[in-house]
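Working through the structure, step by step
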Amino acid sequence: MTKKAWGGRFAAPTDSQVEAFTESISFDARLAAVDVKGSQAHARMLADVGLITQQEADQICAALDEILGEFKRGEIELTSSLEDVHMHIESALIARLGDTGRKLHTARSRNDQVATDLKLYVREAIDEIDGLLENLQRAFVSRCEDELEVVIPAYTHLQRAQPVSAAHYWLCYCEKLQRDRDRLSDCRRRVNISPLGSAALAGTSLPIDRNRTAEALEFDGVAANSLDVSSDRDFLIEFTSCLALIAAHLSSWAEEWILWCSTEFGYLTLPDAYTTGSSIMPQKKNPDVLELIRGKSARIIAATQQLYLLVKGLPLAYNRDLQEDKLAVFAAYDTVRACLQLAPDIVANAVLNREQIESRLEEGFVDATALMEYLIKRGVPMRTGHEVVGNLVAHCEAGRRRLADLTLVELQGACPDIGPDVFDVLGAKNAAAALNSYGSGGATSVKAQIEQWTERLAEK
Ligand code: ARG
């Protein structure tokens, strides 16, 4: 039986079922590195303000390095009787250094300790996810130059709408991912405020220097209210909210590409290495990775909900409920990371089936809006132009023809303002090329977007 660090007031040992029920070491062991980092900063500060000697701080820091090594190599036995990562490390320290080890927890509680650990961990996670998002942006941009002139139908309501450059599609995802990155960097500002030194909930009477630990741990500031620190998990909710939106973007991208890989669309072929077969149907090549990116988004999006439910009814300040925060955060983080690690290769290596796309590009009247805009340029009021083209579409549909198949006489019969130059805007490729306002899907506008993205991603 392990003697508890907090065992002074207890006569009887903890029930073993209670230990198993209350432990968090099975999921918080991954905090070991940040826990040691936080403890080393704390020990240095304790020495600087004279609460321990410099020599004691040196011993503590060196021992913590060794303990972390043992932890990483799996040489430290994990036991529910030591509850969590903080107790495992502290007890290893005390086993090594005796009374010197017993001084580390001066002016500190596991409440500010775990908050500090989580902030350090999430800060690293944000930087990692940001890099992965950038990789994915690069993958989309990598296709653009080659596919700038490929015109594909764009949809609303999953009905063919207007033709755009394929590169416009790819860069659409770059924009979404950029907002994800911006949100993460905004979240990081609030993550990066130091909880350390708030102790249990009320601060301490000991002469600590919280600025010193904050600086050592590269925090941008010090949290101003100890009660707030002890109870605050906003930063986790913000972080998982950012991840949820990333997951939503990945999921709808996956959905889009799953459709595009179907025989019905036939726009894309995924690399063999990223698809799987069927155990019964020999012909199948399934987009399972994309389906699981879509499916796993549920787990990521659920984390924020889980955290809201966790905190919404808690009285101030720390409550043991908060131990459960890590399960939601780690699940969301691990899952987003796994998706983002796979996505760039799929994006960069999927083959766009240009011939298949082109062979059906003229279906669905994707040039109808271009014709309407042609009329507007000739002074026809927009609503009148809309109606004229609508009538022409109905006329074509009945005769199984395309707008570009109509004769000039037929077109002028519908609207006398139409001239022979109308054939320069009819047809999907002409219609796409005409889209030239800022942010449009025509090649000229998209070329400018590509240049911008290439420059932006080269900056670092
Ligand atoms: N294992 C706990 C957690 O993850 C650490 C903090 C425990 N604090 C306490 N007063 N029991 O939240």
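Refer to the structure printed above.
Thresholds applied
Residues numbered from 1 in each chain as written. Predicted model: local features only at pLDDT ≥ 70, side-chain atom pairs only at ≥ 80, totals over all residues. Heavy atoms only, no water. Phe/Tyr/Trp six-rings, centres within 6.5 Å; stacked < 30°, edge-to-face > 60°. Lys NZ or Arg CZ within 6 Å of the ring centre and 35° of its normal. Helix = DSSP H or I, 4+ residues; strand = E, 2+ residues; numbered from the N terminus. Expected span 1.5 Å × (residues − 1). Buried < 20%, exposed > 50% of the residue type's maximum accessible area, 1.4 Å probe, protein only. Polar contact = N/O pair within 3.5 Å; in protein donor to acceptor, adjacent residues only side chain to side chain. Salt bridge = Lys/Arg side-chain N within 4 Å of Asp/Glu carboxyl O. Axes fitted to C-alpha atoms, helices over the stretch in contact; angles between N-to-C directions. Parallel < 35°, antiparallel > 145°, perpendicular 65-115°, else oblique. Left-handed = near helix turned anticlockwise from the far one by under 90°. Contact = heavy atoms within 4.5 Å. Nonpolar A, V, L, I, M, F, W, Y, C, P; charged D, E, K, R; others polar.

Attention now moves to the packing of aromatic side chains. By the definition in use, this model includes 14 aromatic pairs. Summarising the aromatic geometry, the rings of Trp 260 and Tyr 267 are spaced 5.4 Å apart at their centres and angled 65 degrees between planes, so their arrangement reads as edge-to-face. Cation over ring: Lys 119 sits above Phe 235, and NZ or CZ is 5.1 Å from the ring centre. The residue whose ring lies beneath Arg 378 is Tyr 374, and the NZ or CZ to ring-centre distance is 3.9 Å.

Side chains that are three or four residues apart share a direction in an α-helix, a result of its 3.6 residues per turn. Over its 38 residues, helix 6 (residues 110-147) runs 55 Å from end to end, which matches the ideal 56 Å to within 8%, given 1.5 Å per residue. Taking burial as the measure, the 38 residues of helix 6 include 27 buried ones, the bulk of the element. The backbone nitrogen of Asn 111 has a side-chain oxygen 2.7 Å away, supplied by the residue at the start of helix 6, namely Ser 109.

Summed over all chains, the structure comprises 34 salt bridges. For the salt bridge of Glu 238 with Arg 190, the shortest nitrogen-to-oxygen distance reads 2.8 Å. One end of the pair, Glu 238, is in helix 10 (residues 234-261); the other, Arg 190, is in helix 7 (residues 166-191), with 48 residues separating them in the sequence. For Arg 190, a relative accessible area of 37% puts it in the partly exposed group. Here Asp 334 and Arg 337 are joined by a salt bridge, their closest N and O atoms 3.1 Å apart. Of the two residues, Asp 334 and Arg 337 are both situated in helix 12 (residues 325-349); the distance of 3 residues between them amounts to about one turn of the helix. We classify Asp 334 as partly exposed; its relative accessible area is 26%. Where salt bridges share partners, they join Arg 30, Glu 128, Asp 334 and Arg 337 into one cluster.

Looking now at the packing of helix 11 (residues 288-311) against helix 12. For the pair helix 11 and helix 12, the least separation of the axes is 9 Å and the interaxial angle reads 155 degrees. When the interaxial angle is binned, helix 11 and helix 12 end up roughly antiparallel. Seen along the crossing, helix 11 lies across helix 12 with a hand that is left-handed. Residues Val 289, Leu 290, Ile 293, Lys 296, Arg 299, Ile 300, Ala 303, Gln 306, Leu 307 and Leu 310 of helix 11 form the contact with helix 12, whose own contacting residues are Asp 325, Ala 328, Val 329, Ala 331, Ala 332, Thr 335, Val 336, Cys 339, Leu 342 and Ile 346. Residues that form the contact of helix 11 with helix 12 fall into these classes: 15 nonpolar, 2 polar and 3 charged.

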